[in-house]
Amino acid sequence: MMNSSLLLKEYNLKVTPQRVAIVEELYSNGHMNIDELYKKLLEKFPSISLATIYKNVNAMVEKVFLNEVKIPEAKSVYELAKEEHSHLVCSSCGKIEDITIDTSILQSSIKEESAFQIQNVDVVFSGLCKSCQK
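Residues numbered from 1 in each chain as written. Predicted model: local features only at pLDDT ≥ 70, side-chain atom pairs only at ≥ 80, totals over all residues. Heavy atoms only, no water.

J.: Which parts of the structure should I look at to understand the overall build of the protein?
T.: If you tally the helices and strands in the protein, you get six helices and five strands. Going from N to C terminus, the protein has its helices and strands arranged as α-α-α-α-β-β-β-β-α-β-α. With the C-alpha coordinates aligned to their principal axes, the bounding extent of the protein is approximately 50 × 40 × 30 Å. Per-residue burial over the protein gives 31% buried out of 134 residues. (Helix = DSSP H or I, 4+ residues; strand = E, 2+ residues; numbered from the N terminus. Buried < 20%, exposed > 50% of the residue type's maximum accessible area, 1.4 Å probe, protein only.)

Here it is in structure tokens:
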């Protein structure tokens, strides 16, 4: 099990019970949107506000402790920062999986076709997960 408090300190983030709970939920569940986080944290902190969740998540995104994953036609989800990867999103059940793919071919192709300078690559594939294919 990871030490949430130590991890927050490494990113120069103040350790609060709410932040520790956010880290633990994301560690356990992988990808969650703000509403899902709010629902889970309400169980632990009955007086917590949605604004508090937004404030803490935004602070963690700014420190690159969390990543925001923008899903087309859905709410953004958040995950603990890790090595570069892409996402598979089931268009039926909404399940999100990480997948590591080499995007260098895409980047070199874009570089050949355009003067655009790529600073960040976010790739999201949508389709049906194994369970929903049955």
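J.: Can you help me understand the confidence of the model for the protein in this one?
T.: Close inspection of predicted coordinates is inappropriate in any region flagged by low pLDDT. On average, residues of the protein score 93 in pLDDT, and 99% of them are at 70 or above. Mean pLDDT values over the elements of the protein span from 91, in helix α5 (residues 104–113), up to 97, in helix α4 (residues 50–62). (pLDDT = per-residue confidence, 0-100.)

J.: Which parts of the structure should I look at to understand the sheet that holds strand β4 (residues 96–99)?
T.: Sheets are built from strands paired through backbone hydrogen bonds, the pairs being either parallel or antiparallel. Read across the sheet, three strands follow the order β4-β3-β5 without closing on themselves; strand pairing throughout is mixed. The open sheet is flanked by β4 and β5 (124–127), the only strands paired with a single partner. Averaged over all pairs of adjacent strands, the angle between their axes in this sheet comes to 25°, without regard to strand direction. Here strand β3 (residues 86–90) pairs with β4 via four bridges, running antiparallel. Bridging from a neighbouring strand, V89 pairs with I96 of β4. (Pairing = 2+ DSSP bridges. Axes fitted to C-alpha atoms, helices over the stretch in contact; angles between N-to-C directions.)

J.: In this structure, what is going on with the packing of helix α2 (residues 17–29) against helix α3 (residues 34–44)? I would like to understand it.
T.: In a packed pair of helices, the relevant descriptors are the angle between the two axes and the axis-to-axis distance. Here α2 crosses α3 at 125°, and the two axes come no closer than 10 Å. Looking at the two axes, α2 sits oblique to α3. In terms of crossing hand, the pair formed by α2 and α3 is right-handed. Between α2 and α3, the contacting residues are Q18, A21, I22, E24, E25 and L26 on the first element and L37, K40, L41 and K44 on the second. Looking at the contact of α2 with α3 residue by residue, the class counts come to five nonpolar, one polar and four charged. (Parallel < 35°, antiparallel > 145°, perpendicular 65-115°, else oblique. Left-handed = near helix turned anticlockwise from the far one by under 90°. Contact = heavy atoms within 4.5 Å. Nonpolar A, V, L, I, M, F, W, Y, C, P; charged D, E, K, R; others polar.)

J.: Any chance you could explain the packing of aromatic side chains here in plain terms?
T.: Enumeration over the complete set of coordinates arrives at one aromatic pair. Taking 5.0 Å as the distance between ring centres and 75° as the angle between the ring planes, the aromatic pair formed by Y11 and F65 counts as edge-to-face. Residue Y11 is found in the loop between α1 (4–10) and α2, and its partner F65 is found in the loop between α4 and β1 (66–69); the two are separated by 54 residues along the sequence. Of the residues examined, Y11 reaches a relative accessible area of 30% and is grouped as partly exposed. (Phe/Tyr/Trp six-rings, centres within 6.5 Å; stacked < 30°, edge-to-face > 60°.)

J.: Help me understand the nonpolar core, please; the structure alone is not making it clear to me.
T.: Nonpolar side chains in soluble globular proteins tend to end up buried together. Ranked by size, the top nonpolar core spans 19 residues in total, and within it L26, V57, M60 and F65 carry the most contacts. Taken together, the elements giving at least two residues each to this core come down to α2, α3, α4 and β2 (77–80). The dominant element in this core, judged by the number of residues it contributes, is α2, at five residues. (Core = buried A, V, L, I, M, F, W, Y, C linked by side-chain atoms within 4.5 Å.)

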